[in-house]
Number of protein chains: 4
Amino acid sequence: MAAIAPAPLAPPEALSLFERTRHRTTNLTERLRPEDMMLQSMEDASPAKWHLAHTTWFFEEFILKPRLPDYVSPDDRFAFLFNSYYTQAGPRHARDRRGMVSRPDCAEVAGYRAHVDEALAGLLSSNRDDADDIASLVELGCHHEMQHQELLVTDLLHGLSFNPLLPAYRDPEPLPVTSEVPLTFTRHDGGLVEIGHDGKGFAYDCEQPRHPVFAPAYDIADRPVTNRDWIDFMEDDGYGDARHWLMEGHAVATRESWEHPLYWWQQDGEWWTFTLRGAQPLALDAPVVHVSYYEAEAFARWAGARLPTEVEHELAFRDTPINGNFLDHGQLRPMPGQGVWGDVWEWTASPFTPYPGFRPPEGALGEYNGKFMVNQMVLRGGSCATARDQMRPTYRTFFYPHQRWQMMGLRLARDV
Amino acid sequence: MAAIAPAPLAPPEALSLFERTRHRTTNLTERLRPEDMMLQSMEDASPAKWHLAHTTWFFEEFILKPRLPDYVSPDDRFAFLFNSYYTQAGPRHARDRRGMVSRPDCAEVAGYRAHVDEALAGLLSSNRDDADDIASLVELGCHHEMQHQELLVTDLLHGLSFNPLLPAYRDPEPLPVTSEVPLTFTRHDGGLVEIGHDGKGFAYDCEQPRHPVFAPAYDIADRPVTNRDWIDFMEDDGYGDARHWLMEGHAVATRESWEHPLYWWQQDGEWWTFTLRGAQPLALDAPVVHVSYYEAEAFARWAGARLPTEVEHELAFRDTPINGNFLDHGQLRPMPGQGVWGDVWEWTASPFTPYPGFRPPEGALGEYNGKFMVNQMVLRGGSCATARDQMRPTYRTFFYPHQRWQMMGLRLARDV
Amino acid sequence: MAAIAPAPLAPPEALSLFERTRHRTTNLTERLRPEDMMLQSMEDASPAKWHLAHTTWFFEEFILKPRLPDYVSPDDRFAFLFNSYYTQAGPRHARDRRGMVSRPDCAEVAGYRAHVDEALAGLLSSNRDDADDIASLVELGCHHEMQHQELLVTDLLHGLSFNPLLPAYRDPEPLPVTSEVPLTFTRHDGGLVEIGHDGKGFAYDCEQPRHPVFAPAYDIADRPVTNRDWIDFMEDDGYGDARHWLMEGHAVATRESWEHPLYWWQQDGEWWTFTLRGAQPLALDAPVVHVSYYEAEAFARWAGARLPTEVEHELAFRDTPINGNFLDHGQLRPMPGQGVWGDVWEWTASPFTPYPGFRPPEGALGEYNGKFMVNQMVLRGGSCATARDQMRPTYRTFFYPHQRWQMMGLRLARDV
Amino acid sequence: MAAIAPAPLAPPEALSLFERTRHRTTNLTERLRPEDMMLQSMEDASPAKWHLAHTTWFFEEFILKPRLPDYVSPDDRFAFLFNSYYTQAGPRHARDRRGMVSRPDCAEVAGYRAHVDEALAGLLSSNRDDADDIASLVELGCHHEMQHQELLVTDLLHGLSFNPLLPAYRDPEPLPVTSEVPLTFTRHDGGLVEIGHDGKGFAYDCEQPRHPVFAPAYDIADRPVTNRDWIDFMEDDGYGDARHWLMEGHAVATRESWEHPLYWWQQDGEWWTFTLRGAQPLALDAPVVHVSYYEAEAFARWAGARLPTEVEHELAFRDTPINGNFLDHGQLRPMPGQGVWGDVWEWTASPFTPYPGFRPPEGALGEYNGKFMVNQMVLRGGSCATARDQMRPTYRTFFYPHQRWQMMGLRLARDV
């Protein structure tokens, strides 16, 4: 397991992380009704109820079952229903039919969670020889659950957006009044440098090994692209002018009739957007969000710039604290100043590929990241829906270039 | 409205029918959980919650709103959400996204039903000049709701069938032991006869006008085709042998890998089927159900017979009482004897076309049946999920030839 | 074979018909280049080269091979390549890939035709006991080839229409100047009548048996609907207003963005259309052509009328001579006067179903018509692309309600 | 234009290259019939006739029209028909309908080629100030045409493969008898090195600028993977075992029922394949070809190795002469020995992304490579269908990971 968690937590810390993480998940769903938790609006998204069950299955499948011979699951068939994509953990239910599973219902899933929580707390509290291994796996399971917390919220937003009544996940709040933040760049020298995780604290296998790369000098913007910037792009026929676009991107934009980011619409001459706090007027100085890689790349070309590579992003931000104005789930707020990251995932110019010498762990957990390394692009940073424990400069998340439903934005870079 | 309900009920009878019908719908959903009521497994099917709301909207839209100027709907946007296909009643929500609407939730929909029930009961009890018109529309609304009762149950069965746990809608019951009923035929003379509804009691516009047709003499079977018969067909390569099939039917069967009726599977050499009472061993002497027109037509050709026309069916059964062994929702039971109908909808050889002189009512209600008169086939009879009030010899239901999720079976006929 | 050709030709007449028919097919392709003969623009259409080969295969497969033990085909694999849909004649090549077969090339297919022509002429000239049977099959083969002559021409028109250069199949000719022909109706009494083919001369199985039907009195228009009429419909929002349409029809029209008949466009305020003589200004008083059943049905409803049933059409026209102004392939010409039919196929309100007592012949030829009897609508009449030998009042052709690429128009009828 | 052709040819050399290239294209089609030149079997492939016309259009559009004010095209509409994807050169015909264009026919396209050849020869022979610019563009046009030569041949092979008669492009020849070549690896040190084109001779923009990269030490195989190796993979359930595969790759393989490379089949226990010389028994010691990136990547993982990056490939082969046994179009031959490249394109592990500082030329020619830089993987080397003039160690071709119809194979690498 070393590749996944090079410096595992001590068991008591793991238990604390476990309780904190599980509790946060429950918190996220406390205002939802059973009907909301059934929504699956596309194959990429899953019902909230499924996220609750799948994250639980992860602990059961990879920790409880192999280590506790007497462990009894509430229902053996959950292993089939709630395995996501681990072929080495056995067959699984069709991903696009998760919304067709009304039973177990929400109450039964809550019972499943409690059952596993109790068994796992017991395991972590027992004095076992393999306590470190278990702690390491629990840490992984918690980070896995944090990823699903973010998906749960973004999947739900997508599901609610299909309801003409536009129901709000949380109560609306007034946005602070702010003014435009000018766009400035910081120069970095590059050279022969090292990137990747250094083994202190938790990291996924794909953040490792730390390795040398050569980076030319570059400039990188001090803030993400804002909604205001994006409207300039739109008003300059940014979506229509094929010269700015990757050919495939323009084909998708045309086929899907993209003329603005996801969840935007115009009403009485003003732009509105659908957020976790319901329909809101667009905050012009907040980072633009819900744009695809194709759009981000076209914007950058239109702006006479480019997207940073993931190397450039990591070099630029590894010594920068994350945004002190971290928000809980809701609409993105205008940005306070320079050097800020963590409000919005930032598309990079880098396809998701293995680092030199990448070696995934043996067995089903080796499927965690490695088998996705084609056709996806890396995003760096984190968003208002990302757990703070999960934000670190080496973190690589990855999505397909056409996907928009995550909290995705961008930052500009340019050659020197 | 004369075309739809030629001999309207008196207002008190209409109120009684209304209360009975609304109560029966509620009864049908009383064991469901909110999660179950969200299931939409295909565009043809709708969530139970939607059926509850749409049938309510029908009374609100066509009776309350035009007649009660002070009537206030719980939410004006329900008119958009719960209109099914009436273009003259305004725009409507996409049919294939009904499962994406978590709000109003089940409790709110129950409130909507209560709100409309109360307003309608008040209207029916008031002494108005247009009381007969209202009673006539209420009767139509009740028959409309009975159709949706059947759809609610069959849509739910379809939705539950996608759950690997195969949850049961009702508790299982043992099936009575019976033996094979031999297949016999009754001869009918035909000639110049009249078919269609005579105007006594309720009927839809498409059952009218009663009109003369010429029918040659024919034989018609005394019982529907059974599961036992169907297994004979299967074992004789009935699905594989293209000679029995309409070309389009065989193309569909091949593409969809049909090798047996919907919801069947084989387990330890025995056939099982998924029913409203969950997984059940197949009752060999019950009518076969969940077969498409394509399959029914191929079976008949294989059997050296054909499907009856709707004229032949109506002539044969208009003087026959419906099955005294009418069942509530569950698995079809073996058949007791001759001359029985009403356990299973029976595909006929007749495309759904207008009767000569057919004239739908003016306005949105004219869309009820008329705009579906292409590419669909008529079924006659009724099933264990059909409300008794809705079963009559002139009733024409209609579905596409590839559809299987209704309680569809068949009966053989042959030329003399 | 009685069902197909009740009164077979004498062998010398059959030979004469054969030579005339085969020659006409060759004539139809004489201006085409090999490249044109490869075009397959959709699954419904076939390349001209395939039509030439398939009609040849028909004679080889059903006449030469069973009767001449020493017959040798130029290539045994042609049986696989050029069988259209006869499952009982063995496996066949995928219909949508006929355009992928460059070899045999056109010259080789011409050789195949000559080879079969010679063998068949020899067979017809020999003095055999089964000469009448052979003549009967040759007659069927010729009528089959006439059907493919029409398809060859309409498929080619469809293929050429995808070329932005809009190449013409024949040289253009000026259209005669005409004026509007008023729309009048003729009344028919109906009653208990007989329809279907009487067995004198050639007919397909599906035109038989002649049988009694009851028809109410009706009015039928004296001329087809014209382009001028159709423009009125378009200008009255005929395509947009869902009230006129079958639900399924309006869904298709919306999805396909239909706003006018196939092959029409507007240029400098004038309507143009693509014809066998290339791009032409629309002849306002010619029958409208290339409209689907859905459009025809909507037009009729908009006009306060309906389409005639096939019974009504047959009764009205069985004593009317076909249009004396029969045209060879080119643009439809304005209509000279009343009682005319045969310029354009006319959609009827009748689904294609078997006549009572219909019995297809045994073996592969029984697949000719019978296996298409679902989801298609009957058209009556004939068009400028129909061979004269093939036009008769009992002839039933059939197409899907969304199809437009044939020479399809309509005529109005109404209840009395 | 410097980015595309840093060291342009002198005009006489350009003319010589032009004549040689144009002649070679004609040679490639000399045995084809017009029918063959119409084949378009998928959107990715184009008819041979289109390749002949498009490569001609390229010279006309980018050289003749801007430089010769009096130049007259044979048909102005060819600019619409034969533009492939250059949005800045105006609108263009739909890519998936190129097979629908029968006119201009092959003879007219040959005339178009002759017309442009003559005009271009005249331009190159005239004594102009911009002669160097013209020579540079002609060189680009010739390299463009060489790319289309390869596509013409591979597209044709794909088209012919849909014909059950499996027609051969060239006459078959017996394969030399050879024996298995053992798999050995050569070690490379890596380090901080430079890759990319150095500006001497022709190169595309995407091969530049030459730039430093850091590469760890690695081993690379001395020969490509052979058919014999591939059969081992297949026999070890290589296609079925999801553990070896990228998730997306396995989904594609399952959906498409891939169980072997494209064009393979088994016959009497022996493997056969469809080649430019028709159906051939598989040459076990020839490089495997017609495998997708997904398959190549799975094979490498199964073999305990990986694909090389494009950096590793370029470093390994930049000092190696290309295969002395270069073949003309036909089946790949068994490999003679070590260090060979150029028989088969080799998938690398590298997504097609811009080199640091990449700057495409202004205008439509800037669309040549830059707009494809997403979701495609780089292949290095060259194949038996690649023009020798086009083979160089820095050449980057790119295809989607699911594509198989090019001459694609692989070579193994591994970490040290």
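Residues numbered from 1 in each chain as written. Chains lettered and ligands numbered in written order. Predicted model: local features only at pLDDT ≥ 70, side-chain atom pairs only at ≥ 80, totals over all residues. Heavy atoms only, no water.

### Section: the interface of chain A and chain D
Interface size is commonly expressed as the accessible area that is lost once the parts come together.
Then, in step 1: Facing the 31 residues of chain A at the interface are 31 residues of chain D.
Then, in step 2: Here chain A meets chain D over a buried area of about 2400 Å², counting both sides, of which 65% is carbon and sulfur.
Then, in step 3: Linking chain A to chain D there are 2 salt bridges.
Then, in step 4: When the shortest N-O distance is used, the salt bridge between D415(D) and R359(A) registers 3.2 Å.
Then, in step 5: Where chain A touches chain D, the interface holds 10 residue pairs in polar contact (both at pLDDT 80 or more).
Then, in step 6: Residues that form the side of chain A that touches chain D fall into these classes: 19 nonpolar, 6 polar and 6 charged. (Contact = heavy atoms within 4.5 Å. Buried area = accessible area lost by both parts, 1.4 Å probe. Salt bridge = Lys/Arg side-chain N within 4 Å of Asp/Glu carboxyl O. Polar contact = N/O pair within 3.5 Å; in protein donor to acceptor, adjacent residues only side chain to side chain. Nonpolar A, V, L, I, M, F, W, Y, C, P; charged D, E, K, R; others polar.)

### Describing the pairing of strand β8 (residues 345-351) of chain D
Residue and element names in this part refer to chain D.
Then, in step 1: Of all 7 residues making up β8, 6 are buried, and the element is well covered by its neighbours.
Then, in step 2: Summarising the sheet, β8 and strand β11 (residues 408-409) pair through 2 bridges and their orientation is parallel. Opposite E346, over in β11, you have G409 as the bridge partner.
Then, in step 3: The pairing of β8 with strand β9 (residues 377-380) spans 3 bridges and is classified as antiparallel. Note on β9: the bridge partner recorded for E346 is R380. (Buried < 20%, exposed > 50% of the residue type's maximum accessible area, 1.4 Å probe, protein only. Helix = DSSP H or I, 4+ residues; strand = E, 2+ residues; numbered from the N terminus. Pairing = 2+ DSSP bridges.)

### Topic: the nonpolar core
Then, in step 1: Residues W230(A), W230(B), W230(C) and W230(D) are the most contacted members of the largest nonpolar core, which totals 443 residues.
Then, in step 2: Ranked by residue count, the leading element in this core is helix α5 (residues 131-161) of chain C, at 13 residues.
Then, in step 3: W230(C) has contacts with V225(C), Y239(C), P261(C), W264(C), V288(C), V291(C), E295(C), A296(C), F299(C) and L410(C), leaving out every residue within four places of it along the chain. (Core = buried A, V, L, I, M, F, W, Y, C linked by side-chain atoms within 4.5 Å.)

### Quick word on the interface of chain B and chain A
Then, in step 1: Chain B puts 31 residues into the contact, and the matching count from chain A is 31 residues.
Then, in step 2: For the pair chain B and chain A, the summed buried area comes to about 2700 Å², and 58% of that belongs to carbon and sulfur atoms.
Then, in step 3: For chain B, the biggest contributors to the area lost against chain A are E35(B), M100(B) and R103(B); these three give 27% of the whole.
Then, in step 4: Between the two partners, chain B and chain A, sit 6 salt bridges.
Then, in step 5: Note that R33(B) is salt-bridged to E108(A), the shortest N-O span being 3.3 Å.
Then, in step 6: The interface formed by chain B and chain A contains 12 residue pairs in polar contact (both at pLDDT 80 or more).
Then, in step 7: Mapped by element, the contributors of at least two residues to the side of chain B that touches chain A are α3 (78-82), α4 (106-125) and α5 (131-161) of chain B.
Then, in step 8: Counted by class, the side of chain B that touches chain A contains 14 nonpolar, 7 polar and 10 charged residues.

### Observations concerning the relation of the copies chain B and chain A
Then, in step 1: Note on the copies: chain B fits chain A at an RMSD of 0.0 Å, the axial shift is 0.0 Å, and the rotation between them is 180°. The transformation relating the two chain copies, once decomposed into turn and shift, fits a two-fold axis. (Least-squares fit on C-alpha atoms with pLDDT ≥ 70 in both.)

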